[in-house]
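# Topology and contacts: notes
Residue-level listing of the chains:
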Amino acid sequence: MMNNEVYLDANATSPVLPEAIEAALGSMQACFGNPSSSHACGLRAKALLEATRARARRVLGAAEGRVMFTSGATEGIQTAVLSALCAVRERRARGEACGDLLLYGATEHKAVPESLAHWNRLLGTGLELRALPVDGDGHHRLEVLRELAPRAAFVCTMAANNETGVVSDLGGIARVLLDTDSPALWMVDCVQALGKLPLALDATRIDYAPFSGHKLYAPKGVGLLYVREGAPYTPLMCGGGQEAGQRSGTENMAGIAALGAVLGALEEGTRFCSHAQMRGYRDRLVAALRQAFPGLVFNAPLEHALPTTLNFSVPGLGSKELLDLFDAAGVRVSAGSACSAAKAAPSYVLDAMGVPPARSASAVRLSFGPLADDAFIDAACARIVHCGRALAQARPAARLQQLEAGGASGWLLFDDEGRHCIAIDPPEALAARIAADLGTRDCRLLACFATGHGAAGADALCDILGARPGWPGGAQQVRFGGRMLDAIALGRDVLAKAGDGYLLGRPESGVLDPGAVRFVFGAAPAHEGLDALCCHRIGEPAVSRPGAAALPDEGIDLDPTTAAAYLAAHPDALLVDVRELPEHAAACAQLHGRSAQHVPLSQLAGQAAHWLREPRPLVFLCRSGNRSARAARLLRRLGHAQSWHVAGGLALAG
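These figures come from a predicted structure and were not determined experimentally.

Rules behind the numbers
- Residues numbered from 1 in each chain as written.
- Predicted model: local features only at pLDDT ≥ 70, side-chain atom pairs only at ≥ 80, totals over all residues.
- Heavy atoms only, no water.
- Phe/Tyr/Trp six-rings, centres within 6.5 Å; stacked < 30°, edge-to-face > 60°.
- Buried < 20%, exposed > 50% of the residue type's maximum accessible area, 1.4 Å probe, protein only.
- Lys NZ or Arg CZ within 6 Å of the ring centre and 35° of its normal.
- Core = buried A, V, L, I, M, F, W, Y, C linked by side-chain atoms within 4.5 Å.
- Helix = DSSP H or I, 4+ residues; strand = E, 2+ residues; numbered from the N terminus.
- Contact = heavy atoms within 4.5 Å.
- Pairing = 2+ DSSP bridges.
- Axes fitted to C-alpha atoms, helices over the stretch in contact; angles between N-to-C directions.
- Left-handed = near helix turned anticlockwise from the far one by under 90°.

## Section: the packing of aromatic side chains
This structure, assessed with the given rule, holds 10 aromatic pairs. Between the aromatic rings of Trp-611 and Phe-620, the centroid separation amounts to 5.8 Å while the plane-to-plane angle is 65°, which identifies the pairing as edge-to-face. The same class applies to Trp-611 and to Phe-620, which are both buried. Of the aromatic side chains, those joined through ring pairs into one cluster are Phe-293, Phe-312 and Phe-326. Directly above the ring of Tyr-348 sits Lys-110, whose terminal nitrogen or CZ lies 4.1 Å from the centroid.

## Description of the nonpolar core
Nonpolar side chains in soluble globular proteins tend to end up buried together. Of all hydrophobic cores here, the largest spans 55 residues; its most connected members are Trp-186, Leu-201, Phe-211, Leu-224 and Val-262. The greatest single-element share of this core, amounting to nine residues, is contributed by helix H7 (residues 253-268). Non-local contacts of Leu-224, meaning those with residues more than four positions away in its chain, are made with Ala-56, Leu-60, Val-67, Met-68, Phe-69, Thr-70, Ala-209, Pro-210, Phe-211 and Leu-259.

## Here's the deal with the pairing of strand E25 (residues 574-577)
Residues Leu-574 and Val-576 of E25 are buried on one face, and the alternating residues Leu-575 and Asp-577, pointing to the opposite face, are buried as well. For E25 and strand E29 (residues 618-621), the ladder comprises four bridges, and the chain directions are parallel. Bridging across to E29, Asp-577 finds its partner in Leu-621. The pairing of E25 with strand E28 (residues 597-598) spans two bridges and is classified as parallel. Counterpart to Val-576 in the pairing with E28 is Gln-597.

## Examining the packing of helix H2 (residues 40-60) against H7
Two quantities define a packed helix pair, namely the angle between the axes and the distance from one axis to the other. Look at H2 against H7: their axes get within 9 Å of each other, and the N-to-C directions meet at 40°. Judged by the sense of rotation from one axis to the other, the crossing of H2 with H7 is left-handed. For the pair H2 and H7, contact is made by Ala-45, Leu-48, Leu-49, Thr-52, Arg-55, Ala-56, Arg-58 and Val-59 and by Met-253, Ile-256, Ala-257, Gly-260, Ala-261, Leu-263, Gly-264, Leu-266 and Glu-267, respectively.

These results come straight from atomic positions and should not be treated as a statement about function.
Right, here's the structure in full:
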């Protein structure tokens, strides 16, 4: 734990080992020389460099071949790919048979296929890139490899997958390459293997093996590349001839010293957990996850995965919802590869394994390192169980809830007790989740329909719940503007159909006055004197106010310090937490001791009408500043001038 955080994203990066920090500082203070210099200061740096290399050879089981320092795994991968493809080009020029395929595992880190495509294009080798499929357990399909191996010029696999933790059958791959007399060179991405799997590289057929220091308690910017004795090698960087001409550029001595400390801890064998200890810790985390989320499904067989990695999905919840929930509770997890997280796309790793799209889109990765101990695992399990309780207790109390998916908005209308519901334009992607939530709360669906073209979401939700889609009609009528409208009773309110519009309001003696209409869905009736918020199906903003002067949203950002000062200077200002209910239940939001009122972004439309009637300064807050910015922009566009948000959110507020 760091700063009251439970960090469970070690496969993305790790904190730096204290001994590694001490070693790095020592190298910068007492051993700061350039290892290429011939004076005493340079010789001391050179001795440190070579001592670390010797230690790496012992840890990796690589007495022979090249072991060089790099900036990390991406550079190592690039160097290996360049070396292999240059060798292929030279062999072809000599008329030697060397294969025409570049094979890479379908679940490889994106650095591998991207590097293959890049150098294949630049070198003009014209080889065919082909993904080697995996089975449902994430293992490479060896029968396909056996068929393709005679044609393979280069094969790229990984020791263990970064998203699922699945450990590759490297022995099986080696046997196939040997049995088929394949001419292929072979690279194995060993980034997730260091400190978690036994390594004896000299005893393998592996030609190239890249490593990255920051995955195992060394700082970012340092790594290793092993090249088997006799394997072709072409430097990625030429210049001053450092690393015996293998990798030019003055060595990162602070990083190398830190990596040496980590390698020393591995070699000594007492600083880190054993494989059995890590497996025991994983079992405890599994039990906590199952207690917290009873419907949880693991996306890779535990018996085939690293003991430090868990990949799971919770039916009915998306990855982002789970990540936000964990983050609110101070638990840091991820949805997969950190390098791909910003794209917010379903996991290609799980897709390649045949995991159903709904599960792939809701996957979460939990990973820890071999520095874990009992106290850390106890804290992690307690936080996980707390997250489960927060999720179970968090149920929407608002009468209007917005649903968003794929740029479209849908709406759920609830009665005061939350026992009856009307669904308008529900997004198809959320149908299963909506149905599960209504079922959990024993909430009856009164009607479900679309306001425009495309009723796939309404049809899907009704199929799940066994309901009839479309406007039911005929149940009740109310008088509105001199005419009678079909209506559905929702507690004391009604939803009335007026042409292509649907009006939510509270009637008096069977009459729905225009001033009593609070929300309009679909097309608003013309010339009816409505002063209601219009809830849209598609587009930004999702809510508008006809006739209101939309205000510019420039200058809505307040940094945490400025926001605290603004709140202090405006005692009537309201600090509003727009995180969703489970996040708020996991940890209430505060800013410099000021507690926030909770109004989830999905329920903001319902509260906005009140704030517009009784304006007061509003400062919105969320986890990262994205949702709070949306909230402030929405209120500005509805005409509320004093709407601001805390840029950077709780993540930067401390």
